[in-house]
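Letter by letter, the chains look like this.
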Amino acid sequence: MDRPTINTLGLCAGVGMLDIGVATALEQLGFEPHATALCEWEAYAASVLLERMAESALESCPIWCGDLRDFDGKPFRGVVDVIAAGLPCQPYSVAGKQLGLSDRRSYGEDGEGPIQQFLRIVQECRPAVVFCENVPPWVLRGYFRPVGEELSRMGYTIESPLFVTAESVSASHKRERVFVLAHALRSERKSRARRERVFDVRKKMGYANLSRKNQLDSENRPRNSVDESDCERISA
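Residues numbered from 1 in each chain as written. Predicted model: local features only at pLDDT ≥ 70, side-chain atom pairs only at ≥ 80, totals over all residues. Heavy atoms only, no water.

Colleague: Please set out the pairing of strand β1 (residues 5-11) residue by residue, giving values where relevant.
Modeller: Counting buried positions over the 7 residues of β1 gives 7, a clear majority of the element. Of the two faces of β1, the one carrying Thr5, Asn7, Leu9 and Leu11 and the one carrying Ile6, Thr8 and Gly10 are both buried. The pairing of β1 with strand β2 (residues 32-39) spans 6 bridges and is parallel. Looking at β2, one finds that glycine 10 is bridged to leucine 38. One crossover worth recording links β1 to the parallel β2 by way of helix α1 (residues 17-28), and it is right-handed. One ladder, built from 4 bridges, connects β1 with strand β4 (residues 82-85); its direction is parallel. Across the sheet, residue leucine 9 finds its bridge partner in β4, namely isoleucine 83. (Buried < 20%, exposed > 50% of the residue type's maximum accessible area, 1.4 Å probe, protein only. Helix = DSSP H or I, 4+ residues; strand = E, 2+ residues; numbered from the N terminus. Pairing = 2+ DSSP bridges. Right-handed = clockwise from strand over helix to strand, strands pointing away.)

Colleague: Quick rundown of the environment of valine 147? Include the residues and the values.
Modeller: The topology assignment puts valine 147 in helix α5 (residues 145-153). By relative accessible area, valine 147 is classed as buried at 1%. Here the alpha-carbon distance between valine 147 and glutamine 116, two residues 31 residues apart in the chain, equals 8.6 Å.

Colleague: Got a sec to walk through the pattern of salt bridges? Specific residues and values, please.
Modeller: One pass over the structure, following the stated rule, counts 7 salt bridges. We note a salt bridge from arginine 3 to glutamate 32, for which the minimum N-O separation is 2.9 Å. Of the two residues, arginine 3 is situated in the segment before β1 and glutamate 32 in strand β2; the sequence distance between them amounts to 29 residues. Judged by its relative accessible area of 37%, arginine 3 is partly exposed. With a shortest N-O distance of 3.0 Å, glutamate 124 and arginine 120 are connected by a salt bridge. Linking glutamate 124 with arginine 120, this pair stays in helix α3 (residues 114-125), spanning 4 residues, or about one helical turn. Within this structure, Asp72, Lys74, Arg120 and Glu124 form a network of salt bridges that share partners. (Salt bridge = Lys/Arg side-chain N within 4 Å of Asp/Glu carboxyl O.)

Colleague: Tell me what's going on with the environment of alanine 37, and back it up with residues and numbers.
Modeller: The topology assignment puts alanine 37 in strand β2. Looking at alanine 37, the relative accessible area reads 1%, which means it is buried. Here the alpha-carbon distance between alanine 37 and valine 80, two residues 43 residues apart in the chain, equals 9.7 Å. For alanine 37, the contacting residues outside a window of four places in its chain are Thr8, Leu9, Gly10, Cys61, Pro62 and Phe76. (Contact = heavy atoms within 4.5 Å.)

Colleague: An account of the nonpolar core is needed here, citing residue identities and associated values.
Modeller: In this structure, Leu9, Leu11, Ile83, Phe118 and Trp138 are the most contacted members of the largest nonpolar core, which totals 31 residues. Listing elements by their share of this core, those giving two or more residues are β1, β2, β4, α3, β5 (129-134), α5 and β8 (176-184). Among the elements that make up this core, the one with the highest residue count is α3 (6 residues). Residues Ala13, Ile20, Ala35 and Cys61 belong to the second largest nonpolar core, which totals 12 residues. (Core = buried A, V, L, I, M, F, W, Y, C linked by side-chain atoms within 4.5 Å.)

Colleague: Run through the layout of surface pockets, naming residues and quoting values.
Modeller: Roughly 270 Å³ of internal volume is contained in the second largest pocket. Together, 21 residues line the second largest pocket, and Asp19, Ala23, Pro33, Leu58 and Glu59 are the ones closest to its centre. Looking at the lining of the second largest pocket, the elements that each hand over two or more residues are β1, α1 and β2. Here the residues of the lining of the second largest pocket are counted per class, giving 12 nonpolar, 5 polar and 4 charged. (1 Å grid on protein atoms, 1.4 Å probe; cavity = no way out; pocket = protein on both sides within 12 Å on 5 of 7 lines; lining within 4 Å. Points joined across faces, edges and corners; volume = space filled by probe spheres on them. Nonpolar A, V, L, I, M, F, W, Y, C, P; charged D, E, K, R; others polar.)

Next up, the structure:
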């Protein structure tokens, strides 16, 4: 018996570990995960995504290696069931400068940062489920509040946040993360012809026959200037 297909879209995908986790969870729940696209600003991280696809650790799909401000989520409406977003943690991390919502990697002073673009894409896509990952201060210090208020305004119910340490899942370090799940009160998705629309979306995005070089040209991609100190390990 065929398992129901769940179409996913990864934002701020990094090297794909959140998306691998979401796909694994969906499989364990009896669904067939299908990646429609991954979005990642950093050229190096996007190159790792390509390697993981080549190794079959990630399902092959288009990679948007550019600014989220230029990503159009409207063609994905009615196609994407789940958005998974590993939103930038540096604005809230105890290892960084903790500029919070004013950090350009959060809302930014101009309100055009990745958080605002994430919310815009959710509004355009209207997935049934939104799944976010970040550092604990994002929730504990109230930085998530405007995000949660906007998701609630869109009609999403937000579940209690889940705090997990890496060592609790047998990793060799104590890094802690928080996961937030929001789900639509009433799904606006239409299941009819969803699979066909996925490939139509890819074609419209110009990804039908992209080579590795065209998918990722590190010399021509914008790069995010992130201090290495911002990404230091967070201890429990």
